[in-house]
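Okay, here's what each chain looks like letter by letter:
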Amino acid sequence: MTHAPELQTTADGVAYLRTPEAAFAGLTDFPYAPRYASFQGLRMHYVDEGPRDGPVALLMHGMPTWSYLNRHLIRRLTAAGYRCVAADHIGFGRSDKVVDDGWYSIEGHVQAHRALIEGLDLRNITLFCQDWGGPIGLAQVAREPERFERLVIMNTWLHHAAYAYTPRLVQWNAQWKPDGLFGINVPERLSLGWFMALALGHMGPADLFALIQTGAKPELSPAGETARRGYDAPFEGLGREGHAGPRRFPLSLPFDNPEGGAAQAQIDWHAALSTWTGPIHFIWGGADEVFTEAWGRAWAAGFPQASFDLIPEAGHFLQDTHGDQIADLFLQRLGRA
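Residues numbered from 1 in each chain as written. Predicted model: local features only at pLDDT ≥ 70, side-chain atom pairs only at ≥ 80, totals over all residues. Heavy atoms only, no water.

1. Here's the deal with helix α4 (residues 167-175)
Then, in step 1: Along α4, the residues classified as buried are Leu169, Trp172, Asn173 and Gln175. What you see down the axis of α4 is that its buried residues fit within an arc of 165°, all on one side.
Then, in step 2: Tucked into the core, α4 has its buried residues touching α5 (181-185) and α6 (192-199). (Buried < 20%, exposed > 50% of the residue type's maximum accessible area, 1.4 Å probe, protein only. Helix = DSSP H or I, 4+ residues; strand = E, 2+ residues; numbered from the N terminus. Arc of directions from axis to C-beta. Contact = heavy atoms within 4.5 Å.)

And the structure:
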């Protein structure tokens, strides 16, 4: 266990915590050297692996994950000659954690990623996006389409008038309210690593409730413990104030928080994306109750050039559970498998 870090402030007075590097020691399945960019005086972490002259794969993560989510894709795509860039949103992973909930907005996350893309001058990009990485990543396509060559969209959405939020997504928002299941219990009784152990199928709902009620931690398989450790590492010793970033994502859903969730901007991004004529590949986890197969197929149907590949047994975090298969499907579409 690492010691809790001290609160720091930017020159503009923004208070943040920085996860000690020791928290990431021993992540044997994530051997990538950390790199850092500056955004408004904050440190934003990113992975940059593979040949410098290779085609760029920009891999986005959502809630409550970090670039670790894309570790299998990074391994497979770099082996195929891609330069993989995968950043951690501010508040996640190795990036700094602003402690003020009110600092976070979807537009702020969009600006941070835009600064990284422009700072590295990334071009000929293939975007891989899922969860909140969808709106944040697709905003880049809407605003600077000339930088992008190809899109890979997985279990995400863009807010617009015709989009119907699923009951699971409405429930997710409610659970992160101050009096909701996660609003009450994260991180004191339930860490995000243990939540991910449930979401990835390494334990069951009964295990989660026992953990919350009694503190009893179930015994995980070696793979489950490795994943749990990987998703816990960014928040080790940070306490409740260090979890502001993850807390704000579910509370930024546009039906509940139109301003923080960039509702009107998402409508504009959706409209801009509808004119996309480049290659676009939908790879969808069919067991996801948040962003359903029916929604994925309906979205793909709006693009005559789109491909759609279903992984029936994959859930919401398919990059973690089916990363190799995603890479294979993508490379097959390119005729490179």
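Having seen the model, we can carry on.
2. Details of the nonpolar core
Then, in step 1: Counting residues in each nonpolar core, the largest one holds 111 residues, and the members touching the most others are Leu138 and Trp299.
Then, in step 2: In contact with Leu138, not counting residues within four places along its chain, are Leu127, Cys129, Gly133, Leu151, Ile153, Leu158, Leu273 and Trp299. (Core = buried A, V, L, I, M, F, W, Y, C linked by side-chain atoms within 4.5 Å.)

3. A look at the side chain of Asn185
Then, in step 1: One can find Asn185 in helix α5.
Then, in step 2: Judged by its relative accessible area of 7%, Asn185 is buried.
Then, in step 3: A distance of 2.8 Å separates the side chain of Asn185 from the backbone oxygen of Leu181, its partner in a polar contact.
Then, in step 4: Not counting residues within four places of it along the chain, the set of residues in contact with Asn185 comprises Leu190, Ile212 and Arg240. (Polar contact = N/O pair within 3.5 Å; in protein donor to acceptor, adjacent residues only side chain to side chain.)

4. A few points about the pattern of salt bridges
Once their charged atoms are close, side chains differing in charge can pair, the charge on each being opposite to the other.
Then, in step 1: Tallied over the full model, the rule gives 25 salt bridges.
Then, in step 2: Across the pair Arg83 and Asp48 runs a salt bridge whose closest N-O atoms are separated by 2.7 Å. Within this pair, whereas Arg83 is found in strand β6 (residues 83-87), its partner Asp48 is found in strand β4 (residues 42-49), the two being separated by 35 residues in sequence.
Then, in step 3: A residue is classified by how much of its surface remains accessible, and Arg83, at 12% relative accessible area, is buried.
Then, in step 4: Put simply, Arg333 and Asp309 hold a salt bridge, and the shortest N to O gap is 3.0 Å. Residue Arg333 is located in helix α13 (residues 323-333), and its partner Asp309 is located in strand β11 (residues 307-311); the two are separated by 24 residues in the primary sequence.
Then, in step 5: Arg333 sits in the partly exposed class, given a relative accessible area of 42%. (Salt bridge = Lys/Arg side-chain N within 4 Å of Asp/Glu carboxyl O.)

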